[in-house]
Amino acid sequence: MDLGLRDKVVVVTGGASGLGRAMVEGFADEGAKVVIADINMEAGEEVAKRLSAGGACVRALWLDVRYQESIDAMVEAVLREFGRIDVLCNNAGVNVRKQALDVTRIDWDTVMDVNLKGMFFTAQAVGRVMVRQGRGKIINTASVSAVLGHPERAIYASAKGGVLILTKVLANEWAKFGINVNAIGPGFVRTPLTEALIDTPGVEENMVARIPLGRVGRTADIVGAVLFLASCQADYITGQLLLIDGGRTVD
Ligand SMILES: NC(=O)c1ccc[n+]([C@@H]2O[C@H](COP(=O)([O-])OP(=O)(O)OC[C@H]3O[C@@H](n4cnc5c(N)ncnc54)[C@H](O)[C@@H]3O)[C@@H](O)[C@H]2O)c1
C-alpha cells in the first residue's frame, strides 16, 4: 500500500523519546521530512543525527508546548526550512499518577498544561498553517485513559478525555479546510513514561491479565496506525479515536 508520505513535512512533538521517537523513525523510513519538536534537545538531536546519518531528513527543534512563543517559534522555523506542514503528530505528554485525594493544583497544572492546553495550542498554531494550505493531517496522542477510569489517573485521564473530544471538535470545524484530525489511544507501552510503573513487581502481570492479546504494547505497535492516519489512505477518516491496546478496551 502506498502511503504517499515521501517528502511530506511531518512535525512530531515529543519526538525525542518513546512513542514519538518511534513515529519519527516510521516517517523517516517512509521518506518523509521529519521535525522532532521536543523540550529535550539533547535526545532530539541524538535521534536526528542517527537517522540523518542513515540518509533520512530529520531535524530537531526545541519546543516547550507550555509556552505560546515556543510553539510559534517552532512553527516559524519549520516553515522557514520546509515551507509547509503536512502532518502534525501532537504527542508530547507527561503524567503525575496520584490518588485523587492527594492531587494538588500544581500537579493538575503540570499535566494539563502539556497534555491538553499544550496540545490544543500546538494544534491551533499548526492548524492555521494547514488552513492556508487547504490540507493537512493532525494525529493527537490520546490514550486508553480517554475512555477508561483507571485509578490514580484523575488528571491524566481528564486531559486525555479532553484530547478525545478536542479531536472531534477540531475535526468538525476544520473538515472544510481539508484538514483531518484523528486521535490514537495507546494502551500500556513500555517507554520512559511508564517503565517505572511497568517494572513495579506484579504490575505487568496484572496489566497483561486484562489485555486479550496477552502483552503490553511496544512502541513499534503504534507506528503503523499513525502512518496510516497521516496517509492519503485515511483521507475519508476524521474525528476518530483509534485504540491500539491489544484489546484492553473490548469489554
Ligand atoms: N507509554 C504509554 O503507555 C502511553 C500510553 C498512552 C498514551 N501515551 C501518550 O503518548 C505520548 C508519548 O508518551 P511516551 O510514553 O512516549 O513518553 P516519553 O516520556 O517517552 O516521551 C514524551 C516526550 O514528550 C516530551 N515532552 C514532555 N514535556 C514536553 C513539553 N512541555 N514540550 C515539548 N515536549 C515535551 C519529552 O521530552 C519526551 O521526549 C504522551 O502523550 C502520553 O500521554 C503513552
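Residues numbered from 1 in each chain as written. Predicted model: local features only at pLDDT ≥ 70, side-chain atom pairs only at ≥ 80, totals over all residues. Heavy atoms only, no water.

**Student:** Describe the sheet that holds strand E7 (residues 241-244), naming the residues involved and giving the relevant values.
**Tutor:** Here we have 7 strands laid out as an open sheet, ordered E3-E2-E1-E4-E5-E6-E7, and parallel in their pairing. The open sheet is flanked by strand E3 (57-62) and E7, the only strands paired with a single partner. Direction aside, the axes of adjacent strands within the sheet are offset by 20° on average. Taken together, the 6 bridges between strand E5 (residues 136-141) and strand E6 (residues 179-186) define a ladder with parallel strand orientation. Across the sheet, residue Asn140 finds its bridge partner in E6, namely Ala183. (Pairing = 2+ DSSP bridges. Helix = DSSP H or I, 4+ residues; strand = E, 2+ residues; numbered from the N terminus. Axes fitted to C-alpha atoms, helices over the stretch in contact; angles between N-to-C directions.)

**Student:** I'd like a rundown of the packing of helix H3 (residues 68-82) against helix H4 (residues 105-133), residues and numbers included.
**Tutor:** Viewed as axis vectors pointing N to C, H3 and H4 meet at an angle of 35°, and their least axial separation amounts to 10 Å. Once H3 is placed against H4, the crossing between them reads as right-handed. The segment H3 lies against H4, with Gln68, Ile71, Asp72, Val75 and Leu79 engaging Gly118, Phe121, Thr122, Ala125, Val126, Val129 and Arg132. Grouping the constituent residues of the contact of H3 with H4 by class yields 7 nonpolar, 3 polar and 2 charged. (Left-handed = near helix turned anticlockwise from the far one by under 90°. Contact = heavy atoms within 4.5 Å. Nonpolar A, V, L, I, M, F, W, Y, C, P; charged D, E, K, R; others polar.)

**Student:** Explain the pairing of E6 residue by residue, including any values.
**Tutor:** Of all 8 residues in E6, 8 are buried, a share of seventy percent or more. A two-sided burial pattern is seen for E6, the buried positions comprising Ile179, Val181, Ala183 and Gly185 on one face and Asn180, Asn182, Ile184 and Pro186 on the other. On the question of chirality, the crossover connecting E5 to the parallel E6 by way of helix H5 (residues 154-174) is right-handed. In this structure, E6 lies alongside E7, joined through 4 bridges in parallel fashion. Paired with Ala183 across the two strands is Leu241, which belongs to E7. (Buried < 20%, exposed > 50% of the residue type's maximum accessible area, 1.4 Å probe, protein only. Right-handed = clockwise from strand over helix to strand, strands pointing away.)

**Student:** Summarise the nonpolar core; cite the residues concerned and give the values.
**Tutor:** Soluble globular proteins tend to bury their nonpolar side chains together. With 33 residues, the main nonpolar core has Met23 and Phe27 as its most contacted residues. Of all the secondary-structure elements, those providing two or more residues to this core are strand E1 (9-13), helix H1 (18-29), strand E2 (33-38), helix H2 (41-53), E3, strand E4 (87-90) and helix H8 (219-230). Ranked by residue count, the leading element in this core is H8, at 7 residues. Setting aside anything within four residues of it in sequence, one finds Phe27 in contact with Leu5, Val10, Val12, Ala32, Val34, Val87, Cys89, Val226, Leu227 and Ala230. Counting 27 residues, the second-largest nonpolar core is a separate cluster that includes Met74, Phe82, Ala92 and Trp174. (Core = buried A, V, L, I, M, F, W, Y, C linked by side-chain atoms within 4.5 Å.)

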